[in-house]
Amino acid sequence: MIDLRSDTVTRPTPAMLQAMISAPLGDDVMGDDPTVIRLQAAVAERAGKEAGLFFPSGTQSNLAGLMAHCARGDEYLVGQLAHTYKYEGGGAAVLGSIQPQPIEHAPDGSLPLEKLAAAVKPQGDPHFARTRLLALENTFHGKLIPAAYIQAATDWARQQGLATHLDGARVFNAAVASGKPLADMCQPFDSVSICFSKGLGAPVGSVLVGSQELIGRAHRWRKMLGGGLRQAGVLAAACLYALDHHVERLAEDHENARALAEGLRGIAGVKVLSQDTNMLFVEFEPARCDSLTAALGEEGILMRAVYGGPTRLVTHLDISADDVQRIVQAVARHLA
Ligand SMILES: *Cc1c(COP(=O)(O)O)cnc(C)c1O
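Nothing here was measured: the structure is a model prediction, and the numbers come from that model. (Residues numbered from 1 in each chain as written. Predicted model: local features only at pLDDT ≥ 70, side-chain atom pairs only at ≥ 80, totals over all residues. Heavy atoms only, no water.)

A. Quick look at the pattern of salt bridges. Applying the stated criterion across every chain, the model contains 14 salt bridges. Put simply, Arg222 and Asp28 hold a salt bridge, and the shortest N to O gap is 3.4 Å. Highlighted residues: Arg222 in helix α10 (residues 212–224) and Asp28 in the loop between α1 (14–21) and α2 (34–47), separated in sequence by 194 residues. By relative accessible area, which is 6% here, Asp28 ends up buried. Of the charged contacts, one joins Arg333 and Glu299 as a salt bridge, the two residues approaching to 2.7 Å between their closest N and O atoms. One end of the pair, Arg333, is in helix α14 (residues 321–335); the other, Glu299, is in the loop between α13 (289–298) and β11 (301–302), and 34 residues separate them in sequence. Via salt bridges that share partners, Asp74, Arg130 and Arg132 belong to a single interconnected network. (Salt bridge = Lys/Arg side-chain N within 4 Å of Asp/Glu carboxyl O. Helix = DSSP H or I, 4+ residues; strand = E, 2+ residues; numbered from the N terminus. Buried < 20%, exposed > 50% of the residue type's maximum accessible area, 1.4 Å probe, protein only.)

Next up, the structure:
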């Protein structure tokens, strides 16, 4: 099976499963699971932050982060297409009573400073929600957000008295793609949510990092959101294994995505729209979308060609360079 739908589909490797089986465990709600403690400390250190907190999902990690920054009636500035706005069920508004202020993205995925500035509400006027936080995402749909932009946007936010949060579901992809340590990617932000269940290949798990104080507040929200897990070390062990063994290899996913884009570019009926880190977006000839999806599925290649829109293809731990050639040949055969 070659599954191109997402990098969340990876199965734990035998060595990762072994690490999970042999992890020392405790009760993390009581705060004494040694493997969770070790993971949280390792991720915080690598991210250059004081503290970390383990979550069952990135959605919950982002939400607890937003709730740790913003109180009821506060507002966060966020991209119109950002995961924390569009793909998390409206949790910030529904569960956090935090008003989102979505901002249109520039083509490179950034949120233009003039649009951010225009969206900040006058302070002290009861007509308005209190603008409290800027939330960015990196990578964003696979795109590496330029470091200079992130520095400028977070500097601006600080001048406005806003806190800053990064949805870093794929921040390790950003670090590897830019050849910089994780701490450099996290440094401009007060908090960062990092997923281990994407390219890093763990079955479950995210870690929120930030100051001791912020993480303390997020810890309370995590409990309330149902994210306090007991022998969570069995999951944290997979994340620790990924941290030690699956970070540098993200470069292979990026190379495989590049090779896939190159291979598909030569095929009539396929238009490669973009390729960044481990994601590519392509457009298939509309009339062939359904038959292509079905034909590839029969060959064990999973993707869903979107009629009249971009189709997202994602490389990951379970897709090899040989698989990329198999995909290219299969697409060429079916579109011929
Ligand atoms: C996957 C993802 C998350 C978190 O998703 P979960 O499925 O809840 O772990 C957050 N942000 C982005 C950009 C993501 O891709």
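Now that the structure has been shown, we can carry on.
B. Highlighting the sheet that holds strand β9 (residues 270–276). Pairing within the open sheet is antiparallel, and its three strands lie in the order β9-β10-β12. Bordering the open sheet on either side are β9 and β12 (311–314), each of which pairs with just one other strand. The average undirected angle you get between the axes of adjacent strands in this sheet is 25 degrees. Sitting on the sheet, helix α12 (residues 250–265) is in contact with β9, β10 (279–284) and β12, with an inclination near 160 degrees to β9. (Pairing = 2+ DSSP bridges. Axes fitted to C-alpha atoms, helices over the stretch in contact; angles between N-to-C directions. Contact = heavy atoms within 4.5 Å.)

C. Local environment of empty space enclosed by the protein. Applying the stated criterion across every chain, the model contains three cavities of 30 Å³ or more. Quantified by volume, the largest cavity comes out at close to 70 Å³. As for the largest cavity, its lining consists of Gly79, Ala82, His105, Gly109, Ser110, Leu111, Ala135, Leu136, Glu137, Phe140, Ile145 and Tyr149. Considering only residue class, the lining of the largest cavity consists of seven nonpolar, four polar and one charged. Approximately 50 Å³ is the volume found for the second largest cavity. Around the second largest cavity, the lining residues are Gly168, Ala169, Arg170, Val171, Phe172, Asn173, Ile194, Cys195, Lys198, Gly199, Leu200 and Leu250. Looking at the lining of the second largest cavity, the elements that each hand over two or more residues are α8 (171–178) and β7 (191–195). Of all the elements, α8 adds the most residues to the lining of the second largest cavity, at three residues. The residue makeup of the lining of the second largest cavity, split by class, is seven nonpolar, three polar and two charged. (1 Å grid on protein atoms, 1.4 Å probe; cavity = no way out; pocket = protein on both sides within 12 Å on 5 of 7 lines; lining within 4 Å. Points joined across faces, edges and corners; volume = space filled by probe spheres on them. Nonpolar A, V, L, I, M, F, W, Y, C, P; charged D, E, K, R; others polar.)

D. Representation of the side chain of Ser191. Take Ser191: it is sitting in strand β7. Ser191 sits in the buried class, given a relative accessible area of 0%. A distance of 2.7 Å separates the side chain of Ser191 from the side chain of His165, its partner in a polar contact. Residues in contact with Ser191, not counting those within four places in the same chain, are His69, Thr164, His165, Leu166, Leu208, Val209 and Leu214. (Polar contact = N/O pair within 3.5 Å; in protein donor to acceptor, adjacent residues only side chain to side chain.)

E. Region of interest: the site of the ligand. Neighbouring the ligand are Ser57, Gly58, Thr59, Asn62, His83, Glu88, Glu137, Asp167, Ala169, Arg170, Cys195 and Lys198. In this structure, Gly58 approaches the ligand through a main-chain N or O atom, which is 2.8 Å from an oxygen atom. Here an oxygen atom of the ligand and a side-chain polar atom of Arg170 are 2.8 Å apart. More than half of the atoms of the ligand fall within 2 Å of the grid points belonging to the largest pocket. Counting residues per element, the shell around the ligand draws most heavily on helix α3 (residues 58–69), which supplies three residues. Of the residues contributing to the shell around the ligand, the split by class is two nonpolar, five polar and five charged. (Near = heavy atom within 4 Å. Sits in = over half its atoms within 2 Å of the grid points.)

F. Main features of the UniProt feature "domain: Aromatic amino acid beta-eliminating lyase/threonine aldolase" (unreviewed entry) in the protein. In the numbering used here, UniProt assigns the "domain: Aromatic amino acid beta-eliminating lyase/threonine aldolase" (unreviewed entry) feature to residues 3–284. End C-alpha to end C-alpha, residues 3–284 measures 18 Å, and it is 41% helix and 19% strand. (UniProt positions renumbered as here; feature names shortened; annotations may be inferred.)

G. The arrangement of the side chain of Ser61 in detail. Mapped onto the fold, Ser61 is located in helix α3. Within polar-contact distance, the side chain of Ser61 engages the side chain of Ser193 at 2.9 Å. Setting aside chain neighbours within four positions, we find Ser61 in contact with Phe55, Ser193, Ser206, Val207 and Leu208.

H. Examining the layout of surface pockets more closely. Its boundaries defined by the atoms lining it, the largest pocket holds a volume of some 450 Å³. The wall of the largest pocket is formed by 26 residues, among which His83, Tyr87, Arg170, Lys198 and Arg312 lie closest to the centre. Mapped onto the lining of the largest pocket, the elements with two or more residues apiece are α3, β6 (163–168) and β10. With three residues, the single largest contributor to the lining of the largest pocket is α3. Of the residues that constitute the lining of the largest pocket, the class distribution is seven nonpolar, 13 polar and six charged. Space inside the second largest pocket adds up to approximately 270 Å³. As for the second largest pocket, its lining consists of 15 residues, and the residues nearest its centre are Leu81, Phe140, His141, Lys143 and Phe281. For the lining of the second largest pocket, the secondary-structure elements that each account for two or more residues are β9 and β12. Taken together, the residues of the lining of the second largest pocket sort by class into eight nonpolar, five polar and two charged.

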